[in-house]
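What the coordinates show
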Amino acid sequence: MTVHFIGAGPGAADLITVRGQRLIETSPVCLYAGSLVPAELLAYCPPGARLVDTARLTLDEIITELVTAAKAGQDVARLHSGDPSVFSAVAEQMRRLDEAGVEYDVTPGVPAFAAAAASLGREFTVPGVAQTVILTRTAERATAMPPGEDLATLGASRSTMVLHLAVQRIDAVVAELVPSYGEQCPVAVVARASRADELIVRGTLADIAEKVAAAGIKRTAVIVVGAALTASAFPDSHLYSADRCRP
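Residues numbered from 1 in each chain as written. Predicted model: local features only at pLDDT ≥ 70, side-chain atom pairs only at ≥ 80, totals over all residues. Heavy atoms only, no water.

Per an unreviewed UniProt entry, the chain carries the name Precorrin-4 C(11)-methyltransferase and comes from Actinoplanes nipponensis. Recorded in UniProt under Sequence similarities (unreviewed entry), the annotation for the chain is "Belongs to the precorrin methyltransferase family." Recorded under Pathway (unreviewed entry), the UniProt text for the chain is reproduced unchanged: "Cofactor biosynthesis; adenosylcobalamin biosynthesis." (UniProt positions renumbered as here; feature names shortened; annotations may be inferred.)

Structure (structure tokens):
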């Protein structure tokens, strides 16, 4: 059997990959975070599949479910919101499965930052403006950040920065980033990206905290900071330049 870690996407059910959908359809056991994974995806599960909402389970309880399925020879669709490569808590599950000798694989999904970029209608890497994207979070109500990964240090590059799990402390985020980016740096907060109830708030570091509070955004949102959000006077990419494309 195999545990299939599947990126379920940012929220819209139709953003699941074809591979991810096929694995759900053929797995007799499905573990999913009910608070984040769209319920519509569960309709792809085969008849009689065991469905386990992991939203309130501990890591030990989740591993018990996976190992039990392994002993029964049943494939598992383990659904994670967004993409498993970032902020998914997949690493500790893989470590436990390695110790238990259980096979697993990973199917990528659409990450929240990509869904946010699509909703904003912006590219986060703009020629001459920003060619680096930093994906990070804050340590509030979570594991501590490693040394050197504080916002002040990361912000020194003035790269496009996307913060996950941080909207509840937007005031502190602003205070840490203003010295590097400046008060007039554009910011966008995208809540529930790709979902029917998606909400976008745009502003600058000077006013975004007030706007977020007024909108009532408290969770399931990403904060995007950087000049790429509003850049218009930038050079064309070399990718399609006449010099490159000329025979």
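Take the nonpolar core next. The biggest cluster of nonpolar side chains holds 25 residues, and the ones touching the most others in it are Leu163, Leu177 and Ile223. At the level of secondary structure, the elements contributing two or more residues to this core comprise α5 (151-155), β7 (160-164), α6 (170-181), β8 (186-191), α7 (208-215) and β10 (221-225). Here the element with the most residues in this core is α6; it accounts for five residues. Setting aside its immediate chain neighbours within four residues, Leu163 contacts Thr136, Thr138, Leu151, Val173, Leu177, Ala221, Val222, Ile223 and Val225. Among the nonpolar cores identified, the runner-up in size contains 16 residues, and Ile62, Val67, Ala69 and Met94 belong to it. (Core = buried A, V, L, I, M, F, W, Y, C linked by side-chain atoms within 4.5 Å. Buried < 20%, exposed > 50% of the residue type's maximum accessible area, 1.4 Å probe, protein only. Helix = DSSP H or I, 4+ residues; strand = E, 2+ residues; numbered from the N terminus. Contact = heavy atoms within 4.5 Å.)

On to the packing of aromatic side chains. On inspection of all chains with the given rule, the structure shows one aromatic pair. Measuring from ring centre to ring centre gives 5.9 Å for Phe5 and Tyr104, while their planes differ by 75 degrees; the resulting arrangement is edge-to-face. One end of the pair, Phe5, is in strand β1 (residues 3-7); the other, Tyr104, is in strand β5 (residues 104-107), and 99 residues separate them in sequence. The class for Phe5 is buried, based on a relative accessible area of 0%. (Phe/Tyr/Trp six-rings, centres within 6.5 Å; stacked < 30°, edge-to-face > 60°.)

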